[in-house]
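# Observations on the model geometry
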Amino acid sequence: MSSPKRRIETDVMKMLMSDYEVTLVNDNMQEFYVRFKGPEETPFHGGLWKIHVELPDQYPYKSPSIGFVNRIFHPNIDELSGSVCLDVINQTWSPMYDMVNIFEVFLPQLLRYPNPTDPLNGEAAALMMRDSRGYEAKVKEYVTKYASKEQADEAGHETDDSDEMSSVGSYNDDDEDDEPAGTMEV
């Protein structure tokens with residue numbers, strides 16, 4: 001067994017044995033979801049997020065891909081895609097780090113100490129810099145609206161309205177009685 005493969009198994013087993021709720025995607029140790037609670041003494045406290053994790057074949061030499069599945073209002077997290085802008089994951093990753101570090105240290109620190117000068121969410125960054133109370137209120141609103149246990153449970157399911165609307169698979173061509181939308185002059 002190659003070293004990266006062994007390391008992936010070790011890190012995922014550590015996560016499975018930790019206090020985090022981990023769900024493997026198709027029993028694949030390189031793709032899974034982790035339930036992540038907002039840190040205490042932050043406006044994110046009380047929130048529960050579903051975090052999508054993908055480990056590349058070159059892990060731990062190459063950093064994992066981390067993304068929030070349900071919405072969060074934070075300067076360094078893209079609100080719609082859930083992408084995380086965190087130097088330690090994106091640029092300064094080291095094989096010395098492991099998955100438990102991400103969930104026990106890196107993500108809690110990111111939520112505690114946002115960096116509005118390097119934003120992925122410009123609206124959150126601008127609000128944080130000009131009106132910190134307004135920013136905290138908006139974070140708490142998102143926690144209530146998008147980061148409940150129910151929202152975390154539903155996050156990422158194909159039955160989501162936005163997925164349904166953009167899904168080609170939802171196109172129904174069974175109705176042959178449908179009129180054409182218009183005519184094209186040739």
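None of these values were measured; they are calculated from a predicted model.

Where burial is concerned, most of strand β3 (residues 48-54) is hidden: six out of the seven residues are buried. Pairing geometry for strand β2 (residues 28-37) and β3, over seven bridges, is antiparallel. Pairing of Glu-31 across the sheet is with Glu-54, part of β3. Pairing analysis gives four bridges linking β3 to strand β4 (residues 65-68), with the strands arranged antiparallel. Within β4, the position partnered with Ile-51 by the bridge is Phe-68.

Our next topic: the nonpolar core. Val-53, Ile-66, Phe-68, Met-99, Ile-102, Phe-103 and Leu-107 are the most contacted members of the largest nonpolar core, which totals 40 residues. When contributions to this core are tallied by element, the ones reaching two or more residues are α1 (3-17), β2, β3, β4, α2 (87-90), α3 (99-112), α4 (122-130) and α5 (132-146). Ranked by the residues each element gives to this core, the list is headed by α3, at eight residues. Leave out the neighbours within four places in its chain, and Met-99 touches Asp-11, Met-15, Phe-32, Val-53, Leu-55, Tyr-59, Pro-64 and Ile-66.

Attention now moves to the UniProt feature "active site" (unreviewed entry) in the chain. Following the UniProt record, one finds the feature "active site" (unreviewed entry) at Cys-85. Structurally, Cys-85 is set in the loop between β4 and α2.

To continue, consider the packing of aromatic side chains. Across all of its chains, the model carries 11 aromatic pairs by this definition. Measuring from ring centre to ring centre gives 5.0 Å for Tyr-97 and Phe-106, while their planes differ by 85°; the resulting arrangement is edge-to-face. Members of the aromatic cluster, joined through ring pairs, are Tyr-20, Phe-36, Phe-44, Trp-49, Phe-68 and Phe-103. Above the face of the Tyr-33 ring, Lys-50 is positioned so that its terminal group lies 4.7 Å from the ring centre. Lys-138 extends its terminal NZ or CZ atom over the ring of Phe-73, reaching a point 5.4 Å from the ring centre.

Cis geometry marks the peptide bond from Tyr-59 to Pro-60; its omega dihedral reads 10°. Locating Pro-60 in the fold gives a position in the loop between β3 and β4. Of note, Asp-27 is a non-glycine position whose phi angle comes to about 55°, a positive value. By the element assignment, Asp-27 lies in the loop between β1 (22-25) and β2. Not every positive phi belongs to a glycine, and Glu-41 is a case in point at roughly 60°. Structurally, Glu-41 can be placed in the loop between β2 and β3.

Quick look at α3 now. The end-to-end C-alpha distance of α3, which contains 14 residues, comes to 19 Å, matching closely the 20 Å that a straight helix rising 1.5 Å per residue would cover. Within the sequence span of α3, burial applies to Met-99, Val-100, Ile-102, Phe-103, Phe-106, Leu-107, Pro-108, Leu-110 and Leu-111. Check the buried side of α3 and you find it contacts α1, β2, β3, β4 and α2. By the N-cap criterion, in which a side-chain oxygen at the helix start approaches the backbone nitrogen of a residue two or three places on, α3 is capped by Asp-98, the distance to Val-100 being 3.1 Å.

About the cut-offs
- Residues numbered from 1 in each chain as written.
- Predicted model: local features only at pLDDT ≥ 70, side-chain atom pairs only at ≥ 80, totals over all residues.
- Heavy atoms only, no water.
- Buried < 20%, exposed > 50% of the residue type's maximum accessible area, 1.4 Å probe, protein only.
- Helix = DSSP H or I, 4+ residues; strand = E, 2+ residues; numbered from the N terminus.
- Pairing = 2+ DSSP bridges.
- Core = buried A, V, L, I, M, F, W, Y, C linked by side-chain atoms within 4.5 Å.
- Contact = heavy atoms within 4.5 Å.
- UniProt positions renumbered as here; feature names shortened; annotations may be inferred.
- Phe/Tyr/Trp six-rings, centres within 6.5 Å; stacked < 30°, edge-to-face > 60°.
- Lys NZ or Arg CZ within 6 Å of the ring centre and 35° of its normal.
- Expected span 1.5 Å × (residues − 1).
- Polar contact = N/O pair within 3.5 Å; in protein donor to acceptor, adjacent residues only side chain to side chain.

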